[in-house]
Protein chains: 2
Amino acid sequence: MTDTDHATRPGGRTARVRSDVLAAVEAELAEHGYDALTIDAVATRSGVHRTTVYRRWKSVAGLLVDLLEAGSDDSWQPPDTGSLEGDLIALNREVHAALTARPSITQAVIAASFRTPEAADALTTFWQDRYARSALVVTRAVARGEIPAGTDARQLLLTATAPLYHQLVLLRRPLPRSAADRFARIAAASVG
Amino acid sequence: MTDTDHATRPGGRTARVRSDVLAAVEAELAEHGYDALTIDAVATRSGVHRTTVYRRWKSVAGLLVDLLEAGSDDSWQPPDTGSLEGDLIALNREVHAALTARPSITQAVIAASFRTPEAADALTTFWQDRYARSALVVTRAVARGEIPAGTDARQLLLTATAPLYHQLVLLRRPLPRSAADRFARIAAASVG
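Residues numbered from 1 in each chain as written. Chains lettered and ligands numbered in written order. Predicted model: local features only at pLDDT ≥ 70, side-chain atom pairs only at ≥ 80, totals over all residues. Heavy atoms only, no water.

Chain A appears in an unreviewed UniProt entry as AcrR family transcriptional regulator from Kribbella solani.

Below is the structure:
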């Protein structure tokens, strides 16, 4: 395979380097966990030169943030199930899956956010975007006549999702998926 | 003042060393923040020899955890206001105050919990105890006939408090105290 080949493929060499590096980050996380994650280990595993990795991603936090962004489809929208309760349950199942995955990229980025300000900035930006998009759940419920116009979307989404983050991230306790469903139902019942 | 004086005072020298050191931790946090907190700075400010500080507290995390424990009265119980909603509002105001204090010891210990396992262990133990004691809010409401026996205390307390932690700690966004009250009302209305 030559450089010409790469130039004709979608994304080409740059995209391939990115996918190789991010695959290495995920594999390192799975095998050794966040605390052992280093740029050198990622470079070695991916076969990408370490100076390339340092130049493009700058830090472990940079790698994690890019992995988080790569994993979320840019066209992401909250699931449309036909009811507010159904939509919130589907949303909470996504959050639950992300926080209980082994390895959990979200958990790793959260840990990184308490070590470097750039990871904290990237994470808050990511979540701002996700919560803003998730407000569509409320817009749709209002359009269906399920809940009154002017319902506070942020408050509703926090009521549904916050218990999952608190229990699984800060309290560091298990939480079954059925509990994630219950918190979605409590949130849905709190409006309308 | 002589050692004899100390020996006759409640707690004596050991208690005084502890209060001097913890006061220094709080002052260092207020002036320089968590990231700049070091045992050496605490030793210098408190006038306690650094080897004493290292021997007794071992790490920055150890200092923070002791500060957290010293700040919580051992006889802490959730406020008794006469109603479930009132109790949850009072509880949420305590959480809100702890998370928005400047400096916030709770926020500093949370940050430390993502850096050292001992801080994580101490924090989860502390919270387990606090949430267990807070279940008294539910016991009292059941006794008053406000809510059915068998109400899930953990779920109720998470519904009330989790949005405050999520918004103020992980999402790193402001949250007015009035919103803390609203989440307490949502939780109270979710049972009974």
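From this point, the discussion proceeds with the structure in view.
Draft legend 1. Spotlight on the interface of chain A and chain B. Between chain A and chain B, the contact holds 30 residues from the first and 30 residues from the second. Of all residues in chain A, F114(A), L170(A) and R172(A) bury the most surface against chain B, accounting for 24% of the area lost on that side. The interface formed by chain A and chain B contains zero salt bridges. At the junction of chain A and chain B, the tally comes to 12 residue pairs in polar contact (both at pLDDT 80 or more). Of all the elements in the fold, those that place two or more residues in the side of chain A that touches chain B are helix 7 (105–113), helix 8 (117–134), helix 10 (153–170) and helix 11 (177–189) of chain A. Broken down by element, the residue count for the side of chain A that touches chain B peaks at 12 residues, all from helix 10 of chain A. In terms of residue class, the side of chain A that touches chain B is made up of 16 nonpolar, nine polar and five charged. (Contact = heavy atoms within 4.5 Å. Buried area = accessible area lost by both parts, 1.4 Å probe. Salt bridge = Lys/Arg side-chain N within 4 Å of Asp/Glu carboxyl O. Polar contact = N/O pair within 3.5 Å; in protein donor to acceptor, adjacent residues only side chain to side chain. Helix = DSSP H or I, 4+ residues; strand = E, 2+ residues; numbered from the N terminus. Nonpolar A, V, L, I, M, F, W, Y, C, P; charged D, E, K, R; others polar.)

Draft legend 2. Representation of the packing of helix 8 of chain A against helix 10 of chain A within the structure. Residue and element names in this part refer to chain A. Packing of helix 8 against helix 10 leaves a shortest axis separation of 10 Å and a crossing angle of 125 degrees. Compared by their axis directions, helix 8 and helix 10 come out oblique. Note that helix 8 runs across helix 10; the crossing there is right-handed. Seen from helix 8, the contacting residues are W127, Q128, Y131 and S134; seen from helix 10, they are R154, L157, T161 and Y165. Its residues placed into classes, the contact of helix 8 with helix 10 shows four nonpolar, three polar and one charged. (Axes fitted to C-alpha atoms, helices over the stretch in contact; angles between N-to-C directions. Parallel < 35°, antiparallel > 145°, perpendicular 65-115°, else oblique. Left-handed = near helix turned anticlockwise from the far one by under 90°.)

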